[in-house]
Structure formats: structure tokens, C-alpha cells
Amino acid sequence: MARIVVVGAGLGGMSAAYELRDTLGKGHEITLVGKGDLFGFTPSNPWLAVGWRKPEEVTLKVADHVGKHGITFNGDGVERIDADGDAVVTATGERIPYDYLLICTGPKLAFEDVAGTGPEAGHTQSVCTTEHAQGAWIAYQAFLDNPGPIVIGAVQGASCFGPAYEFAMIVDADLRKRKLRDKVPMTFVSSEPYIGHMGLGGVGDSKGLMESEMRQRHIKWIVNTKVSEVRDGEMTVVEHDAKGQPGESHVLPFKFSMLLPAFKGVEAVAAVEGLCNPRGFVIVDKHQRSPKYPKIFSAGVCVAIPQVEATPVPTGAPKTGFMIESMVTTIVRNIQAELTGETPDYEGTWNAVCLADMGDTGAAFVALPQIPPRNVTWTKIGKWVHVAKIGFEKYFLYKMRNGTSEPIYEKYILGMLGIERLKDVKRSS
Ligand SMILES: Cc1cc2nc3c(=O)[nH]c(=O)nc-3n(C[C@H](O)[C@H](O)[C@H](O)COP(=O)(O)OP(=O)(O)OC[C@H]3O[C@@H](n4cnc5c(N)ncnc54)[C@H](O)[C@@H]3O)c2cc1C
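A few points on the structure. Residue positions are counted from 1 within each chain, in the order its sequence is given. Under the rules for a predicted model, residues below a pLDDT of 70 receive no local features and side-chain atom pairs below 80 are neither given nor counted, while totals for whole chains, interfaces and linings still include all residues. The side-chain numbers reported here are obtained from all heavy atoms of the structure, hydrogens and water having been left aside.

1. A short note on the overall build of the chain
Inference 1: Secondary structure elements follow DSSP: runs of H or I of four or more residues count as helices, runs of E of two or more count as strands, with numbering from the N terminus. Helix and strand counts for the chain stand at 11 helices and 22 strands.
Inference 2: Only the C-alpha atoms count toward the radius of gyration. The rule for a globule is 2.2 Å times the residue count to the power 0.38. In terms of overall size, the chain behaves like a compact globule, its C-alpha atoms giving a radius of gyration of 21 Å where 429 residues would be expected to give roughly 22 Å.
Inference 3: Taken over the C-alpha atoms alone, the chain extends approximately 65 × 45 × 40 Å along its principal axes.
Inference 4: For the exposure calls, accessible area comes from a 1.4 Å probe over protein chains only, and a residue counts as buried if that area is under 20% of its type's maximum, exposed if over 50%, partly exposed in between. Per-residue burial over the chain gives 58% buried out of 429 residues.
Inference 5: Note on definitions: a residue-residue contact is assigned when non-hydrogen atoms from the two residues lie within 4.5 Å. Considering only residue pairs separated by 6 or more positions, the chain has 65% of its internal contacts joining residues 24 or more positions apart.
Inference 6: Separation of charge centres in the chain, based on 45 positive and 49 negative side chains, amounts to 3 Å. For this count, His and the chain ends are skipped, Lys and Arg are scored as positive, and Asp and Glu as negative. Note that the charge is assigned to NZ on lysines, CZ on arginines, CG on aspartates and CD on glutamates.

Here is the structure:
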């Protein structure tokens with residue numbers, strides 16, 4: 001019997017716990033350690049921030065669901081990983097030993113990198129967590145009573161651009177519905193070198209399509225930009241040239257702002273000697289395994305992945321839900337292989353697939369594989385994406401409530417798009 005500990009009860013960690021149980025059967029001990037009692041479906045946060053969803057619609061109590069599948073849940077949070085002693089230590093001092101450890105702790109939000117950003121110590125809202133999106137909804141309601149300029153975007157070093165576009169378009173759609181859009185000048189600021197770059201060097205014709213969408217919605221943009229400081233009600237952003245040299249500076253007033261921060265790895269993980277890169281992201285090989293600690297695997301936003309291309313203002317590569325599921329399946333199959341005496345040489349596809357809602361329509365980005373040159377690369381805009389995104393939310397929450405690891409949506413919709421979780425590699429046994 002193997003003792004498997006999964007740290008982080010988010011999109012990657014919850015999926016991993018269920019998939020481990022499904023694939024390995026009842027004979028192994030699976031413990032999921034989260035921070036708090038709730039799972040929150042992060043992709044719904046932009047809807048939460050404009051009141052289109054309520055928190056109880058996109059969160060669930062982890063213990064109520066995983067318990068039915070014989071998975072032990074501990075919500076105390078991991079404070080320390082004793083990688084040499086094969087155990088994690090929770091915030092209450094409990095020591096949980098493991099034969100295999102899966103690190104799925106997502107991002108630490110590095111608001112401290114840009115002065116004045118973030119909902120706690122700064123002046124900008126965030127949609128990165130359920131709590132942040134709830135806070136943004138409160139601020140947005142106050143804004144509706146006293147509308148004015150809005151600034152939305154992603155700062156230097158950010159990697160997750162999809163939700164910034166998504167939120168700008170959703171706010172635009174919401175304001176139009178409320179007949180307030182004419183009172184709200186909107187500006188999109190981004191560290192990307194051009195609109196539609198997405199941290200992916202563009203996806204098909206994403207540049208042209210997204211620029212056109214922004215023009216039609218009267219959203220101005222400033223790209224290749226660093227946010228130098230945010231103050232109460234205004235921010236300074238500096239455009240950069242193709243060589244990354246600072247150029248024109250703009251002071252943008254706002255009555256409401258949401259800026260996505262750069263990400264880092266969480267402290268408990270970043271502190272493990274030799275496990276992470278300098279930003280605290282877990283270094284893994286193509287089998288999702290730590291080269292230094294073979295009992296440790298990692299999946300999700302906490303994994304170190306290479307930048308797709310160098311950009312004048314620093315940007316990172318996004319890690320999207322389907323890519324994370326591919327990482328999870330790779331880990332589960334490798335652990336299964338090892339437990340049954342086979343060679344653990346499964347590899348994930350790391351395809352980038354992103355459905356960005358735009359309130360009444362949406363944009364789908366498909367990049368297979370993530371790093372160019374690609375076999376498949378396209379962006380399409382249409383109402384079907386808005387519907388598909390709602391389908392993704394319902395399917396994922398169903399999956400997290402019921403513990404199924406691959407229901408119908410994934411099999412058919414992603415199959416249709418030619419998206420597979422595992423690489424078709426010639427295996428050695
Ligand atoms: C606003 C937003 C919208 C997004 N929308 C999409 C989308 O539409 N489609 C898409 O494909 N991708 C989307 N993504 C990207 C990605 O799919 C999500 O960020 C996803 O939630 C990442 O999954 P994860 O498991 O890596 O991290 P998370 O889901 O963030 O889970 C990490 C979990 O680890 C926990 N944790 C952290 N530290 C500890 C600790 N020390 N001990 C125990 N637990 C800990 C956290 O509390 C959290 O619950 C979006 C990202 C953001 C920020």
C-alpha cells in the first residue's frame with residue numbers, strides 16, 4: 001500500500017486526488033491537504049466579480065465530496081515540506097508521511113512586485129481567488145453608483161492574460177446591459193508586446209481578432225507596458241520599445257481597476273532546497289517528477305515551464321486547465337506504472353487550450369503544442385465559446401462534486417478538437 005499526499009485542493013489537486021483513487025483503486029491511502037475547507041472554481045471568478053455568479057454556485061466543501069471516495073481531507077494547509085524525511089507538516093504541526101507527494105499549490109500572487117497593486121495593501125481589485133472576486137464585486141457595486149474610468153490588465157511578469165481580457169469584455173458587456181457604458185472610458189494595459197499575444201507568442205490570428213474585438217467595444221489599449229505605481233484613483237504606466245527601453249509614460253485615472261499580478265510559488269514549496277527555480281516554481285522533468293526528489297511530482301500553476309518567447313517587457317507562459325489535467329494524468333499514470341513494476345515514462349501533452357468568455361460571445365485559443373512550431377494553432381470568436389465556457393464550468397463542478405475523472409464533455413468536445421492528455425510516446429515496457 002502506498003501513501004500518497006496531494007497538497008493543494010484546487011483545480012489540479014482535487015482532480016489529482018480523484019484520478020489517483022479511480023486509477024489506483026482502493027488499496028492505497030490518499031490524503032488531500034488544502035488551505036481552508038473550500039474548493040473554488042477559479043475560471044468562474046470574473047463572473048463572480050460582476051455579480052453573474054454567487055460564491056456558493058462556484059465553491060464546494062472539499063471534505064463532503066472527497067470523503068465519499070475514501071480520500072482523507074485536511075484543510076490546515078502545509079507549512080513545511082520535509083523532502084529529505086518524506087513528510088509534510090501542516091500549520092497545526094501534524095506530520096503526514098508520504099511515499100509519493102503531489103504538489104498542486106497553484107500561484108502565490110506577487111502584488112508586492114508593483115507598488116499599489118492588489119486588494120489588500122493596494123488600490124486595484126483582483127479576480128485570482130474567490131475571496132478577491134467577492135471583494136471586486138463589492139467595489140464594482142460602489143462603482144456602478146458613481147461610474148468613471150476603468151483600467152483593466154496584466155502587469156509586467158504576468159503569465160495569465162486570458163482572464164484579464166475576459167474580465168475587460170465581461171465588464172464591457174455588463175455595463176452595456178446596465179446602459180452605463182457611455183459613462184465609462186475603458187483602458188486595457190498589458191505587458192504583452194501586442195494585443196492577443198497571450199504569453200503564447202500569439203495563437204493563430206489572435207492579434208487581429210482581439211484587436212478588432214477591443215475596437216468594437218471601445219476599449220483603448222496600451223501594450224509593452226510596465227505599471228510603475230498605482231495610487232488611490234490613478235496609476236502610472238510606462239510604454240517600452242522593442243528593445244525593452246522605457247518610453248512614453250501615462251497617468252491613467254480610474255474609479256475601478258483590476259490588474260492581474262505576476263505569479264510566484266507559495267512559500268512552503270519555494271523553501272525546499274533544490275526543488276524550485278528562483279521564482280519558487282517546481283522544477284519537473286517531462287514525467288512531471290522532481291529531478292532532485294524522485295518521490296515528488298507536481299502539476300498546475302506551481303510548475304516551472306519555459307517562456308514561449310522572450311518579450312521586451314517580461315511575460316510568462318500561461319498554464320491552463322486542460323494543460324493542468326494533462327499534467328495530472330501524467331503523474332497518476334507514472335505512479336501507477338511504478339506501483340505495478342512498469343517503467344514510469346508517461347509524458348503530458350502540455351497543450352494550451354483556453355476558452356475566454358466575453359459576456360455575450362467568447363474567444364477560444366488552441367495551441368498544440370504550447371511551444372511553437374505547432375501542429376495546430378487557431379483562435380476563433382463566437383457565441384458558441386460563451387456556451388462552451390458555461391459547459392466547462394458545469395462539467396468541472398459536476399466532476400468535483402461527484403469524483404468522476406473523465407465525463408462526457410471532455411471525451412467528446414476535446415476529442416473533437418484533437419486534444420489528448422498524454423503524448424503518444426513509444427513506451428519502454
Ligand atoms: C482568474 C483566473 C481565471 C482563469 N480562467 C481559466 C479558464 O477559464 N480556463 C483555463 O483553462 N484556465 C484558467 N485559469 C488558469 C488555471 O486553470 C487556474 O488558475 C487553475 O485554478 C490553476 O489550478 P491549480 O491547481 O494550479 O491552482 P489552484 O486552482 O489555484 O489551486 C491551488 C490550491 O492550493 C492551495 N494551497 C496553496 N498553498 C497551500 C499550502 N501551503 N497548503 C495547502 N494548500 C495550499 C490553494 O489554497 C488552492 O486551493 C484561470 C486563472 C485565473 C487566475
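That was the structure; now back to the text.
2. Topic: the sheet that holds strand 15 (residues 234–240)
Inference 1: Sheet architecture is open: three strands sit in the order 14-15-16, paired in antiparallel fashion. Each edge of the open sheet carries a strand with a single partner, namely strand 14 (225–231) and strand 16 (246–253). Each strand axis lies, on average, 20° off the axis of its neighbour in the sheet, ignoring direction.
Inference 2: Across six bridges, the pairing between strand 14 and strand 15 is antiparallel. Bridging from a neighbouring strand, V227 pairs with V237 of strand 15. When DSSP finds two or more bridges between two strands, those strands count as paired. Each axis is a line fitted through C-alpha atoms, and for a helix only the stretch in contact is used; angles between axes span 0 to 180 degrees, taken between their N-to-C directions.

3. Observations concerning unusual backbone geometry
Inference 1: The residue after L368, namely P369, is reached through a cis peptide bond having omega -5°.
Inference 2: The topology assignment puts P369 in the loop between strand 21 (362–368) and strand 22 (376–382).
Inference 3: Note that the residue after P372, namely P373, is joined by a cis bond; omega there is 0°.
Inference 4: Position of P373 relative to the elements: it lies in the loop between strand 21 and strand 22.
Inference 5: At M198, a position not held by glycine, the phi torsion is positive, near 65°.
Inference 6: As for its position among the elements, M198 is in the loop between strand 12 (186–190) and helix 7 (206–216).
Inference 7: With relative accessibility at 5%, the residue M198 sits in the buried group.
Inference 8: In this model, W350 sits at a positive phi of 50°, which is unusual for a non-glycine residue.

4. Focus on the site of the ligand
Inference 1: Nearness is defined per residue: one heavy atom within 4 Å of the molecule or strand is enough. Residues in contact with the ligand amount to 29 residues; listed here are only the nearest, G12, V78, V301, G321 and K389.
Inference 2: One of the side-chain nitrogen or oxygen atoms of K389 is found 2.3 Å away from an oxygen atom of the ligand.
Inference 3: To measure how exposed things are, a 1.4 Å probe is used in the Shrake-Rupley method; for residues, cover is taken only from the protein chains shown. For the ligand, whose unbound accessible area comes to 970 Å², protein coverage reaches 90%.
Inference 4: Residues of the shell around the ligand, tallied by class, amount to 15 nonpolar, 11 polar and three charged. Polar contacts, as used here, are pairs of N or O atoms within 3.5 Å; protein pairs need one atom able to donate a hydrogen and one able to accept it. Residues neighboring in sequence count only if both atoms are side-chain atoms. All amino acids are sorted into three groups, where Ala, Val, Leu, Ile, Met, Phe, Trp, Tyr, Cys and Pro are nonpolar, Asp, Glu, Lys and Arg are charged, and the leftover types, Gly among them, are polar.

5. Quick notes on helix 7
Inference 1: For helix 7, the set of buried residues is S206, M210, E211, E213 and M214. One side of helix 7 holds all its buried residues, which, seen down the axis, span an arc of 160°.
Inference 2: Residues of helix 7 that are buried sit in contact with helix 6 (162–177), strand 12, strand 13 (219–222), strand 21 and strand 22.
Inference 3: Just downstream of helix 7 lies H218, where phi reads positive at about 55°. It is the directions from the helix axis to the C-beta atoms that the arc portrays.

6. Things to note about the environment of E56
Inference 1: In this structure, E56 sits in helix 3 (residues 55–58).
Inference 2: According to the relative accessible area criterion, E56 is exposed, its value standing at 54%.
Inference 3: Along the chain, E56 and G40 lie 16 residues apart, while their C-alpha atoms are 9.2 Å from each other.

7. Remarks on the pattern of salt bridges
Inference 1: We define a salt bridge as a side-chain nitrogen of Lys or Arg found within 4 Å of a carboxyl oxygen belonging to Asp or Glu. Taken as a whole and judged by the stated rule, the model has 23 salt bridges.
Inference 2: Linking R176 and D172 is a salt bridge whose minimum nitrogen-to-oxygen distance equals 2.8 Å. Here R176 and its partner D172 are both found in helix 6, four residues apart, which amounts to about one turn of the helix.
Inference 3: Under the relative-accessibility criterion, R176 is labelled partly exposed at 37%.
Inference 4: Judged by its relative accessible area of 1%, D172 falls in the buried class.
Inference 5: A salt bridge links R231 to E234; the shortest N-O distance between them is 3.0 Å.
Inference 6: In this structure E234 comes out as partly exposed when scored by relative accessible area, which is 30%.
Inference 7: Among the charged side chains, a network of salt bridges with common partners joins D172, R176, R181, E213, R217 and D360.

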